[in-house]
Amino acid sequence: MQAEVESYQNLQKSCVKVVKQRALLESQLNENKCVLDELNLLGPENKVFKLFGPVLVKQDLEDSRQNVAKRIEYISKELKSSTDTLENMEKDMLKHREAVSKYQQQFQVAAAMK
């Protein structure tokens with residue numbers, strides 16, 4: 001029973017980490033979507049600059065749009081992966097919770113028979 005409880009607690013800790021990572025990814029996704037929306041408002045006569053360290057470097061508008069779109073695609077894949085991981089963890093946690101519950105019932109039955 002102790003091993004099941006420890007496994008359950010470890011899964012809970014891992015689950016919290018995945019949830020934090022997922023929240024970070026969601027905020028990055030929203031930020032990048034806003035950037036893409038802003039880039040889509042620009043016309044060909046507008047200039048786009050990218051910050052490289054302390055220097056602003058001129059960048060082609062279409063390149064900027066493609067880079068942001070690729071980032072959005074990558075972050076979306078990472079979000080899906082973290083969602084799948086979270087679902088699997090929740091299934092494992094349910095299994096451990098059921099096992100602990102069965103052990104508790106067995107202990108209660110054994111204690112009642114004494």
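Shown above is the structure to which this text applies.
Let us look at the structure shown here. Being a predicted model, the structure only gives us computed values, none of them experimental. (Residues numbered from 1 in each chain as written. Predicted model: local features only at pLDDT ≥ 70, side-chain atom pairs only at ≥ 80, totals over all residues. Heavy atoms only, no water.)

## Remarks on a nonpolar patch on the surface
(1) Moving on: A surface patch of nonpolar side chains, amounting to about 290 Å² of accessible area, comprises M1, Y103 and F107.
(2) Moving on: Note that Y103 resides in helix α2 (residues 61–113).
(3) Moving on: Owing to a relative accessible area of 33%, Y103 belongs among the partly exposed residues under this scheme. (Patch = residues over 30% accessible without salt bridge, like charges linked within 9 Å, V, L, I, M, F, W, Y side chains within 5 Å. Areas by Shrake-Rupley, 256 points an atom, 1.4 Å probe, with all protein chains shown as cover. Salt bridge = Lys/Arg side-chain N within 4 Å of Asp/Glu carboxyl O. Helix = DSSP H or I, 4+ residues; strand = E, 2+ residues; numbered from the N terminus. Buried < 20%, exposed > 50% of the residue type's maximum accessible area, 1.4 Å probe, protein only.)

## Some details on helix α1 (residues 2–41)
(1) Moving on: With 40 residues, α1 should cover 58 Å at 1.5 Å per step; its first-to-last C-alpha distance of 59 Å lies within 8% of that length.
(2) Moving on: Y8, L11, C15, V18, L25, L29, N32, L36 and L39 are the residues of α1 that are buried.
(3) Moving on: The secondary structure elements touched by the buried residues of α1 are β1 (48–52) and α2. (Expected span 1.5 Å × (residues − 1). Contact = heavy atoms within 4.5 Å.)

## A short note on the side chain of R65
(1) Moving on: Assignment of secondary structure puts R65 in helix α2.
(2) Moving on: By relative accessible area, R65 is classed as buried at 19%.
(3) Moving on: Polar side-chain contacts of R65 include one of 2.9 Å to the backbone oxygen of L39.
(4) Moving on: Those residues in contact with R65 that lie beyond four places of it in its chain are L36, L39, N40 and L42. (Polar contact = N/O pair within 3.5 Å; in protein donor to acceptor, adjacent residues only side chain to side chain.)

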